[in-house]
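Residues per chain are reported as follows:
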Amino acid sequence: MYVAVKGGERAIDAAHAWLAEERRGDTSVAELSVAQIREQLALAVNRVMAEGSLYDADLAALAIKQSRGDLIEAIFLIRAYRTTLPRLGVSLPLETAEMAVSRRISATFKDLPGGQILGPTFDYTHRLLDFKLAAEGEVAAAPTAPASLEPVPHVTGMLGRDGLIQSEAYGNDTPSDLTREPMELPASRPLRLQAITRGDEGFILSMAYSTQRGYGRTHAFVGELRIGAVAVEMEIPELGFSVEIGEVELTECETVNQFKGSKTEPPQFTRGYGLVFGQTERKAIAMSLVDRALRWKELGEDFTGAPAQDEEFVLMHSDNIQATGFLEHIKLPHYVDFQAELEMIRKLRREAMAHKEAAE
Amino acid sequence: MTPEALLGGFQTAPIQSARAFRAALEAMARPGTIWEVEGAMPPTPMSVAAGVLLLTLCDGTTPVHLGGSLDLPVVRDWVTFHTGAPLVAAEDARFALGTWADLTPVNRFAIGLPDYPDRSATLIVEMPRLDAEGARLTGPGIKDVAHLSLPETQAFRANRALFPQGFDTYLTCGSRLAGLPRSTIVEAV
Amino acid sequence: MPSAQTEPNPRKLWMGLLARCAPARLAALMPDLPPHDLLRGPEIGAVMVQGRVGGTGQPFNLGEMTVTRCSVRLGDAVGHAHVQGRDRAHAIRAAVMDALMQTEQAASFEATVLAPLKAEESAARALRAAKAAATKVEFFTLVRGEDK
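Residues take numbers from 1 onward in each chain, read along the sequence in its written order. Going through the entries in the order they are written, you letter the chains from A and number the ligands from 1. Local features in this predicted model are restricted to residues of pLDDT 70 or higher, and side-chain atom pairs are both shown and tallied only at a pLDDT of 80 or more, whereas totals for entire chains, interfaces and linings draw on every residue. Working from all heavy atoms in the structure, the side-chain values ignore hydrogens and water.

Colleague: It is not clear to me how the overall build of chain A should be interpreted in this structure. Could you clarify?
Modeller: Each helix corresponds to a stretch of at least 4 residues labelled H or I by DSSP, and each strand to a stretch of at least 2 residues labelled E; elements are numbered beginning at the N terminus. Counting its secondary structure elements, chain A contains twelve helices and six strands. By its C-alpha atoms, chain A is 85 × 65 × 55 Å across when sized along the principal axes. Exposure categories follow from relative accessible area, calculated using a 1.4 Å probe and restricted to protein chains: below 20% of the type maximum is buried, above 50% is exposed, and the middle band is partly exposed. Across the 360 residues in chain A, those meeting the buried criterion constitute 41%. Areas reported as accessible are Shrake-Rupley estimates using a 1.4 Å probe. Residue values count occlusion only from the protein chains shown. Accessible area of chain A: about 20900 Å², with a carbon and sulfur share of 58%. We score Asp and Glu as negative and Lys and Arg as positive, and we do not count His or the chain ends. In this description, the location of a charge corresponds to atom NZ of lysine, CZ of arginine, CG of aspartate or CD of glutamate. A distance of 5 Å separates the average location of the 38 positive side-chain charges in chain A from that of its 54 negative side-chain charges.

Next up, the structure:
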């Protein structure tokens, strides 16, 4: 039975008015500007861009302000906005080897060409609250040192020269796009990477951690982690050549994984790959572990039943907007469904009681 | 790119494309009705209505096939500049534009898959005239019966037999258009 | 055209510079625009950005970025722009600038607009690289296990 009901409009309007007031908070405290969020909560902005799957720092900052800092709500706002944009084209594949790096480290090679560049990292901080930040004050300029503007080579390229690591087959196939066509399983690796890079950071982190604890172990080391700016280039039909249309900050992680070989592959290192919008280091590392775990079939490894190896489990549950949409909808009116269940329980109870009385 | 190809797009794309989309939607929802559209000035011999449909419905993800009489450099450039749609052979097209003679045989066009009947082509047929007379139309979106000056009936009857697969059709003439979805039952009179 | 691959296309270079620059900076350098006709846009949209599997393999869809495009006609010259972000004025200015660079006034606009943009971009990049270089690790060995 379907019963259409209406009402509650006045209550909804009042609720939204109160929400706006609560969002502003105590008016004796200065209001946050979108620019302040963009500049000073940059890592939240980066997460919203990565999982909202739209690179636009001002929009992400606005979404964070509107959502009162609820990042999943902010990601929802960005996803909704991006559906209103016409698709003007597709970029050429990014050349991450050309990245202007602000951070670049390797856990596998101490002395690598270009060096270990720490960048603006939380690593090696003592994780002690800095009460100086509670007071406003000037920040001293960071030190500088003579620099080369030359790009630094990928670590995996160095291993690849000796055939010690599996190589990635170069190609220019058009990848399927899960924002345009429903995801079909089994998914190609390009489609899996698209799903993971926009997936929920917490979910991808937990999946990656589960592989480290033994559920689909892949023995991963971070071969290279780099953060920096990469130019985005696109073919422009009316020009007949490609031009740079902007620049994005990215985090790229390549893992080097132990691999004893299989029926089809010789013993060599294998790779997991993570590439995420913004400075999003935890997500990129986790992405590369999950990518590697999902590759068991193509590398001829055994399926051990681990969640991180299960493509359907990972890809169908990684999107936090799908997840929260389905989760939160159960709080919305289900009066009729519930009424039907209530009737059924009452009936079953009556029958059970009657049965019991008859038996006595 | 020919200078002529850079002209004739929407001037106020959000408003014009929204109005055109409404007309395209109504035309497909009510087969046999004829709608007036405006806003595009495509190069000859493309009609205004066909130009409006391309600007409204096509982008880089919708491959377009140009039938013989429209497969001209200036038309190709216009479609590329204003929509970004790749130009392809009939078999790969999501949209196909041409006269009926250009587009036949129509069994070359995608009819979708049983699981995804939406992965099919939409034909935009340039007509010498378009009137609410001629072939008899019945089916979804038609209260009793409608009439439309179709180029033929047999091809549309064969297409109806494929339902839920099949192609959908727009008929265009000057600044007017009509829709003929795959669900419409067509009979000669 | 064997030289096409080795010599950078100057138009490609200035279009990239105009796309990357801060809209406010471009507006400050060219506050007044000459009369022009809009051929297309300015229109805000999205471009799907692709990466490659493992950095070097098959392409995959990474996510979209906002882009505003515009095409203008200025006399006989046609200027095009695709610029990052959602600033319509930025796209119009970049397209007008692209058209101006095809006219006799190119040298003058090169000096007053493009050269400062280029210099500022280079300085910003150099500063960032210098800060990164200051965080480069200099390893020195304390004890080697086999020396015992």
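So, next bit.
Colleague: Mind showing me how you'd approach the interface of chain C and chain A here?
Modeller: Accessible area lost upon the coming together of the parts serves often as the stated size of an interface. Any pair of residues with heavy atoms lying within 4.5 Å of one another is described as a contacting pair. If you look at the interface, chain C gives 53 residues, while chain A gives 74 residues. Two parts placed together each lose some accessible area under a 1.4 Å probe, and adding up what both lose gives the buried area. Interface area for chain C against chain A, summed over the two sides, is near 5600 Å², with a carbon-plus-sulfur share of 60%. On the chain C side of the interface with chain A, the three residues burying the most area are Arg52(C), Leu62(C) and Glu64(C), jointly 12% of the side's total. What makes a salt bridge here is a side-chain nitrogen of Lys or Arg within 4 Å of a carboxyl oxygen of Asp or Glu, nothing more. For the pair chain C and chain A, the interface holds eight salt bridges.

Colleague: How should I be thinking about helix 11 (residues 320–329) of chain A in this particular structure?
Modeller: Quick reminder: α-helices carry 3.6 residues per turn. Residues three or four places apart thus point the same way. All names here are of chain A. Turning to helix 11, its buried residues number three or more, namely Asn320, Ile321 and Thr324. In a view along the axis of helix 11, the buried residues occupy a sector of 95 degrees, so they form one face of it. Helix 11 presents Gln322 and Phe326 as exposed residues on the side facing more than 90 degrees away from its buried surface. Check the buried side of helix 11 and you find it contacts helix 3 (42–52) and helix 5 (71–82). You can read the cap of helix 11 off the contacts: a side-chain oxygen lies 2.9 Å from the backbone nitrogen of Ile321, and it is on Asp319. To be clear, the arc concerns the directions from the helix axis to the C-beta atoms. Contacts described as polar in this section are N or O atom pairs within 3.5 Å, which, within protein, must combine one atom able to donate a hydrogen with one able to accept it, while residues neighboring in sequence count only if both atoms come from side chains.

Colleague: Any chance you could explain the packing of aromatic side chains here in plain terms?
Modeller: Aromatic rings considered in pairs are described by the distance between their centres and by the relative angle of their planes. Only Phe, Tyr and Trp rings take part, Trp by its six-membered ring, and two of them pair if their centres are within 6.5 Å. Stacked means planes under 30 degrees apart, edge-to-face means over 60, and tilted covers everything else. Overall, the coordinates contain five aromatic pairs over all chains when judged by the stated rule. Each ring, one from Tyr55(A) and one from Phe277(A), has its centre 5.2 Å from the other, and the planes form 75 degrees; the classification is edge-to-face. Of this pair, Tyr55(A) sits in strand 1 (residues 54–55) while Phe277(A) sits in strand 6 (residues 270–277), and the two are 222 residues apart along the sequence. Note on accessibility: Tyr55(A) and Phe277(A) belong to one class, buried. With centroids separated by 6.3 Å and ring planes inclined at 85 degrees, the aromatic side chains of Tyr273(A) and Phe60(C) adopt a geometry described as edge-to-face.

Colleague: Is there a simple way to think about the interface of chain B and chain A in this case?
Modeller: Contacts between the two partners involve seven residues from chain B, matched on the other side by seven residues from chain A. For the pair chain B and chain A, the summed buried area comes to about 650 Å², and 52% of that belongs to carbon and sulfur atoms. Together, Thr61(B), Tyr116(B) and Arg119(B) form the three largest contributors to the area buried by chain B at its contact with chain A, with a combined 48%. In this structure, the connection of chain B to chain A is made through two salt bridges. Among the salt bridges present, the one from Arg119(B) reaches Glu184(A), with a minimum N-O distance of 3.5 Å.

Colleague: Please explain helix 2 (residues 48–57) of chain B as it appears in this structure.
Modeller: All names here are of chain B. Burial analysis of helix 2 places eight of its ten residues in the buried class, which makes it a mostly covered element. Buried within helix 2 are the following residues: Ala49, Ala50, Gly51, Val52, Leu53, Leu54, Leu55 and Thr56. On its buried face, helix 2 is in contact with helix 1 (13–29), helix 3 (73–83), strand 3 (95–99), strand 4 (122–126), strand 7 (168–173) and strand 8 (176–180).

Colleague: Sorry if this is basic, but what is going on with the nonpolar core here?
Modeller: What we call a nonpolar core is a set of buried Ala, Val, Leu, Ile, Met, Phe, Trp, Tyr and Cys residues that are connected through their side-chain atoms within 4.5 Å. Grouped together as the largest cluster of nonpolar side chains are 100 residues, with contacts concentrated most on Leu250(A) and Met65(C). The greatest single-element share of this core, amounting to eight residues, is contributed by helix 3 (residues 88–100) of chain C. Residue ranges assigned to the domains are those given by an automatic or database domain assignment. Residue assignment places this core across two domains, with domain 1 (9–82) and domain 2 (96–120 + 149–169 + 177–324) of chain A each supplying three or more. When sequence neighbours within four positions are dropped, the list of residues in contact with Met65(C) reads Leu54(A), Tyr55(A), Val232(A), Ile245(A), Gly246(A), Val248(A), Gly45(C), Ala46(C), Val47(C), Val49(C) and Gln84(C). Of all hydrophobic cores here, the second largest spans 30 residues; its members include Ala27(B), Val74(B), Val79(B) and Ile124(B).

Colleague: Quick question: what am I supposed to make of the domain arrangement of chain A here?
Modeller: All names here are of chain A. When its domains are assigned, chain A resolves into domain 1 (9–82) and domain 2 (96–120 + 149–169 + 177–324). Computed over C-alpha atoms only, the centres of domain 1 and domain 2 are separated by 29 Å. Of the residues lining the interface, 14 residues belong to domain 1; the matching set on domain 2 comes to 20 residues. The contact between domain 1 and domain 2 buries some 1400 Å² in all, and 57% of this surface belongs to carbon and sulfur atoms. Run the count over domain 1 and domain 2 and you get two salt bridges. Put simply, domain 1 and domain 2 have seven residue pairs in polar contact (both at pLDDT 80 or more) between them.

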